[in-house]
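Examining the three-dimensional arrangement
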Amino acid sequence: MISQLTVFLQNEKGKLSSLTRTIAEHGTNMHAMFLADTKDFGIARIFCDEPEAVAAFLNDSGFRASVTQVNAVYVPNEPGGLARLLEFCDEAGLNIEYGYCFKAGDAEAIDVFKIEGDGIDAALEEAGFKIARPEDIYAL
């Protein structure tokens, strides 16, 4: 599992730049950021150095931040790569709360999922999937 920094933001001008400036003031490097939004609020999901310390700093700075454990899995960067992973999750009865994917070279992609339950990485490995580690994502 990988620790992901999750920050809730009001969907207003300047909030995202304020967030990234505050993370920079903490002296932390962000390696990846994914945004989701609704009319009233947004969610920033961030891979960064020291996510627990950054979450505490952000909360002290007036943001709503937490650390979430997510699963990151390599899949072949080809048609059906993601489908095979999702079919395994369906067959195993795993509930995916949310996910996002990104390319990790020509041959692979990394798919990140929030999946409830214990032992998810072990089950994925047993099924033949390669688990991505934080340093794999940070190196991209």
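Higher on the page you've got the structure.
It should be emphasised that the depicted structure is a prediction, and the values quoted were computed from it without experimental measurement.

What counts as what
- Residues numbered from 1 in each chain as written.
- Predicted model: local features only at pLDDT ≥ 70, side-chain atom pairs only at ≥ 80, totals over all residues.
- Heavy atoms only, no water.
- Helix = DSSP H or I, 4+ residues; strand = E, 2+ residues; numbered from the N terminus.
- Rg over C-alpha atoms; globule rule 2.2 N^0.38 Å.
- Buried < 20%, exposed > 50% of the residue type's maximum accessible area, 1.4 Å probe, protein only.
- Areas by Shrake-Rupley, 256 points an atom, 1.4 Å probe, with all protein chains shown as cover.
- Lys, Arg positive; Asp, Glu negative; His and termini not counted.
- Charge placed at Lys NZ, Arg CZ, Asp CG, Glu CD.
- 1 Å grid on protein atoms, 1.4 Å probe; cavity = no way out; pocket = protein on both sides within 12 Å on 5 of 7 lines; lining within 4 Å.
- Points joined across faces, edges and corners; volume = space filled by probe spheres on them.
- Nonpolar A, V, L, I, M, F, W, Y, C, P; charged D, E, K, R; others polar.

1. Some points on the overall build of the chain
- The number of helices and strands found in the chain is five helices and seven strands.
- In sequence order, the secondary structure elements of the chain are arranged as β-α-β-β-α-β-α-β-β-α-β-α.
- Against the globule reference of 14 Å for 140 residues, the chain gives a C-alpha radius of gyration of 16 Å, in line with a compact fold.
- Each of the three principal axes of the chain carries a C-alpha extent, and together these read 45 × 30 × 30 Å.
- Across the 140 residues of the chain, 41% fall into the buried class.
- As presented, the chain carries roughly 7700 Å² of accessible surface, and 49% of it is formed by carbon and sulfur atoms.
- Computing the positive centroid from 11 side-chain charges and the negative centroid from 23, the chain places the two 9 Å apart.

2. Some points on the layout of surface pockets
- By volume, the largest pocket is sized at about 190 Å³.
- Phe8, Leu9, Gln10, Lys15, Ser18, Phe41, Ser61, Gly62, Phe63 and Arg64 are the residues that line the largest pocket.
- Counting only elements with at least two residues in the lining of the largest pocket, the list comes to strand E1 (2-10) and helix H1 (15-26).
- With three residues, E1 is the single largest residue contributor to the lining of the largest pocket.
- A breakdown of the residues in the lining of the largest pocket according to their chemical character gives four nonpolar, four polar and two charged.

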